[in-house]
Amino acid sequence: HAELTEYDLLGYRFSLSEHDLGLQVSFEPSPYIDYNGAGLLYFAAYPTIAGTLERQLIARHQLAETTRDWTVQSSTVARDVFYYRNLDLGKKLVATLKRFDRVSENVILHTLLTDEVNGTPLADIITAKRIC
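From a predicted model like this one, the values you see are computed outputs, not experimental measurements.

Read across the sheet, five strands follow the order β3-β5-β6-β7-β4 without closing on themselves; strand pairing throughout is antiparallel. Edge positions in the open sheet fall to β3 (23-27) and β4 (74-83), since each of these has one partner strand only. When strand polarity is set aside, the average angle formed by the axes of neighbouring strands in this sheet is 20 degrees. As paired elements, strand β6 (residues 106-115) and strand β7 (residues 121-131) share nine bridges and run antiparallel to each other. Following the sheet pairing, Leu109 is matched in β7 by Thr127. Across the sheet, helix α1 (residues 45-60) touches β3, β4, β5 (93-103), β6 and β7, and the angle it forms with β3 is around 130 degrees.

Okay, here's the thing in structure tokens:
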């Protein structure tokens, strides 16, 4: 219901609303692999889409080491996804990287996916990645 204000992932507690990097990228999911036969975005595609767009934003804004790709620098150790609604076939979404916090050997990411047209939240994705 998007009612949480604080969150804890792997013992790291943070506010979901106070911190917002505001880094955004627009994306149209693939009708061939991200949607089912009923034209609904697969829920399993949300984390994959978020990971792909996080990688782009991290590289574009140099949030991590630039000599190696983010995918070889990090490994996912935990992820929570809060699904709110679906995205119609042919529509674009916006990924907003709200948080990129270094916590010991991990990075905590919070990405919000929204409908590009009306800004309606689609999902909150909170991920812990271990730096390799």
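Additional details are given in the paragraphs that follow.
Per-chain confidence: the protein chain averages 92 in pLDDT, with 98% of residues scoring 70 or above. At the level of individual helices and strands, the protein chain shows its lowest average pLDDT in strand β2 (residues 12-15), which scores 86, and its highest in β3, which scores 97.

For Val107, the position within the fold is in strand β6. In this structure, the C-alpha to C-alpha distance between Val107 and Ala45, residues 62 residues apart in sequence, is 22 Å. Apart from the residues lying within four places of it in its own chain, the contact partners of Val107 are Trp70, Phe100, Asp101, Arg102, Thr127, Ala128, Lys129 and Ile131.

With 16 residues, α1 ought to run about 22 Å at 1.5 Å a step, and its terminal C-alpha atoms sit 23 Å apart, in line with that. Regarding α1, the residues found buried are Ala45, Tyr46, Pro47, Ile49, Ala50, Leu53, Glu54, Leu57 and Ile58. Those residues of α1 hidden inside the fold are in contact with β3, α2 (70-73), β4, β5, β6 and β7.

Attention shifts here to the pattern of salt bridges. Following the criterion strictly, the structure yields five salt bridges and no others. Glu6 is paired through a salt bridge with Arg13; the nearest N and O atoms lie 2.9 Å apart. Overall, the relative accessible area of 41% leaves Glu6 in the partly exposed class. Arg13 sits in the exposed class, given a relative accessible area of 53%. A salt bridge links Asp69 to Arg55; its shortest N-O distance comes to 2.7 Å. A residue pair is termed long-range when its members are at least 10 positions apart, and Asp69 in the loop between α1 and α2 and Arg55 in helix α1 qualify at 14 residues. For Asp69, a relative accessible area of 32% puts it in the partly exposed group.

The rules behind the values
Residues numbered from 1 in each chain as written. Predicted model: local features only at pLDDT ≥ 70, side-chain atom pairs only at ≥ 80, totals over all residues. Heavy atoms only, no water. Pairing = 2+ DSSP bridges. Helix = DSSP H or I, 4+ residues; strand = E, 2+ residues; numbered from the N terminus. Axes fitted to C-alpha atoms, helices over the stretch in contact; angles between N-to-C directions. Contact = heavy atoms within 4.5 Å. pLDDT = per-residue confidence, 0-100. Expected span 1.5 Å × (residues − 1). Buried < 20%, exposed > 50% of the residue type's maximum accessible area, 1.4 Å probe, protein only. Salt bridge = Lys/Arg side-chain N within 4 Å of Asp/Glu carboxyl O.

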